[in-house]
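Structural characterization, general
Each chain, letter by letter, is given below.
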Amino acid sequence: MNRKLLRNIVGGAALVALLMMLAYQAPAVIAWAQDAAGKAPAAQPAPKQDSPDSTEEPAPYTITSNVRLVTTPVTVFDHSGNFVYDLEKDEFKIYDNGELQDVKQFDSEMRRLSLVIVVETNDTTQPFLESVHPLGSLFSDAVMGPQGEVAVLTYSDHVDKVLDFTSNGDKLDTVLRGLHGRGGGMHLDDALAMALSMLDHRPKEDRKVAIIFSDGYNLGSQMKRSEIVQRAMNSNITLYGLGFSPVRGLWEKPAKDPAPDLVAESVGRPMGPNQAPTPTNQVATWDTADIPIMSILLGLGEEAKKPLFKSSLQYFSRYSGGTYFQKWGKDTVQEALNHIATEIHSQYELAYSPSNATQVGFHKIEVDVRRPGTKVRARAGWFYQGEPARGVKVK
């Protein structure tokens, strides 16, 4: 066999082998081609995201919560105890934890009032309710103003909303005249918590006030007193107390204004390790042994010596910037309510953006007026809880 013939045979065999191999692989090649044709081009891999366990420093957290603007009503008296009406913005200085702040807003005009009236209606207070029955017209004419709205809560063994917000004076008069005592409950703190919740849902621009008729005792409530104080201050809700005095029913002069600095008085006790001296922590320290108010009243001089001066209404009202009266009888109640009405309508309102907003804990508010001989009352302060955890919605 010559060399040429041998080369042709080998070449033919190789060609046959190649064709057989291609035929064997053809289904896989076709399937691959069809699969590739049916798919979009592969996407570029996404940039690598930092995992929660990444050691890289996270971006700074932006504070956008409840410290944008702090507002406080301010009541100013002269040396005789009369309200001062003619002050200008530049006569006020406001301090937050001792740091001078820039007053962003100043208002001496009365805004629309949202008011909740809270009345204790149990067997003990029944004899005193007859003095509350005729107050509807006084609330409508002196307190509410032309655009104000009022709601009424009663409490004993439980809390009842007997009148939702209304500007109708006749409805208010009917509800107050129909109040009567039932049961023996004293759920004061739960009633205040409901009042604060109702006021929280009112228009932001409203002036928000609660006026409480009560003997000041609380028994069986679910809410904690410290939570009520904190909520009232952070929501800029002012509480006023008119105290039933079931045991004596005597005149007790309200504390002289300006109100004693209950914050400074109450936070002087030693706190636990790594614990800031805030009113919240202070409550946990002194609210024991059935004397929840007496420790705070030790800073009130002569008033602390009065044997029955143990009303939590004073505690609530003073922290929120209001005041407290304990005197009873038809005429004296109306006189106290007239005083509260005049005060509400004579107040100034100051607002500032805290320069120290991220300081965790209680922020004490102090207001000074340059005019000689004046005295000032404002709410005690506000609370900042600290930055929320990641993924937690800020309210």
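One can find the structure itself at the top, above this paragraph.
Just so it is clear, the structure is predicted and the values come from calculations on it, not from any experiment.

All right, on to the overall build of the chain then. Helix and strand counts for the chain come out as 10 helices and 14 strands. When the 395 residues of the chain are sorted by exposure, 45% land in the buried category. Intrachain contacts of the chain at a sequence separation of at least 6 include 80% that bridge at least 24 residues.

Counting 32 residues, the largest nonpolar core has L115, I117, L135, F139, V143, I211 and F213 as the members making the most contacts within it. For this core, the secondary structure elements donating two or more residues are β5 (113–120), α2 (136–144), β6 (149–155), α3 (169–177), β8 (207–214), β9 (237–243) and α10 (330–346). Looking at this core element by element, the count peaks at 6 residues for α10. Other than its neighbours up to four places away in sequence, V143 contacts L113, L115, L138, L337, A341, I344 and H345. V118, A210, V229 and Y315 belong to the second largest nonpolar core, which has 30 residues in total.

The antiparallel open sheet is built from 4 strands, whose spatial order is β4-β11-β1-β13. On the outer flanks of this sheet lie β4 (103–107) and β13 (375–378), each paired with one strand and no other. Recorded for the sheet is a direction-independent mean angle of 30° between the axes of neighbouring strands. In the sheet, β4 pairs with strand β11 (residues 348–352) via 4 bridges, with the strands oriented antiparallel. Within β11, the residue paired with Q105 across the bridge is A351.

What follows deals with the pairing of β11. Two faces belong to every sheet, and in a regular strand the side chains alternate between them. For β11, a buried count of 5 out of 5 residues is recorded, marking the element as mostly surrounded by other parts of the structure. Note: strand β1 (residues 70–77) against β11, 5 bridges, orientation antiparallel. Among the inter-strand pairings, V74 is bridged to a residue of β11, identified as Y348.

Turning our attention to α2. The set of residues buried in α2 consists of G136, L138, F139, V143 and M144. Along the long axis of α2, the arc covered by the buried residues comes to 150°, so they all point the same way. After α2 finishes, the residue G145 shows a positive phi value of roughly 80°.

Another aspect to go through is the sheet that holds β8. With mixed pairing, the 6 strands of this open sheet are ordered in space as β7-β6-β5-β8-β9-β10. Every interior strand has two partners, whereas the edge strands, β7 (159–166) and β10 (324–325), have only one. α2 rests against β5, β6 and β8 of the sheet, and its axis sits at about 145° to β5.

Moving on, we come to α3. Among the residues of α3, L172, V175 and L176 are the ones counted as buried. Around the axis of α3, the buried residues are gathered within 95° of arc, so they sit on the same side. Summarising the geometry of α3, the exposed residues directed more than 90 degrees from the buried face are D170 and T174. Tucked into the core, α3 has its buried residues touching β5, α2, β6 and β7. Capping the start of α3 is the job of one residue whose side-chain oxygen sits 2.9 Å from the backbone nitrogen of D170: N168.

Following the sequence through the fold, T75 ends up in strand β1. Accessibility expressed as a relative area gives 1% for T75, which makes it buried. Side chain to side chain, T75 and Q347 meet in a polar contact 3.0 Å long.

Going through the model one piece at a time under the given rule, you end up with 9 aromatic pairs. These aromatic residues form a ring-pair network of at least three members: F92, F106 and Y348. A cation over a ring is seen here: R202 above F165, with NZ or CZ 4.1 Å from the ring centre. The cationic tip of R225 hangs over the ring face of Y315; the distance from NZ or CZ to the ring centre is 5.7 Å.

Procedures and definitions
Residues numbered from 1 in each chain as written. Predicted model: local features only at pLDDT ≥ 70, side-chain atom pairs only at ≥ 80, totals over all residues. Heavy atoms only, no water. Helix = DSSP H or I, 4+ residues; strand = E, 2+ residues; numbered from the N terminus. Buried < 20%, exposed > 50% of the residue type's maximum accessible area, 1.4 Å probe, protein only. Contact = heavy atoms within 4.5 Å. Core = buried A, V, L, I, M, F, W, Y, C linked by side-chain atoms within 4.5 Å. Pairing = 2+ DSSP bridges. Axes fitted to C-alpha atoms, helices over the stretch in contact; angles between N-to-C directions. Arc of directions from axis to C-beta. Polar contact = N/O pair within 3.5 Å; in protein donor to acceptor, adjacent residues only side chain to side chain. Phe/Tyr/Trp six-rings, centres within 6.5 Å; stacked < 30°, edge-to-face > 60°. Lys NZ or Arg CZ within 6 Å of the ring centre and 35° of its normal.

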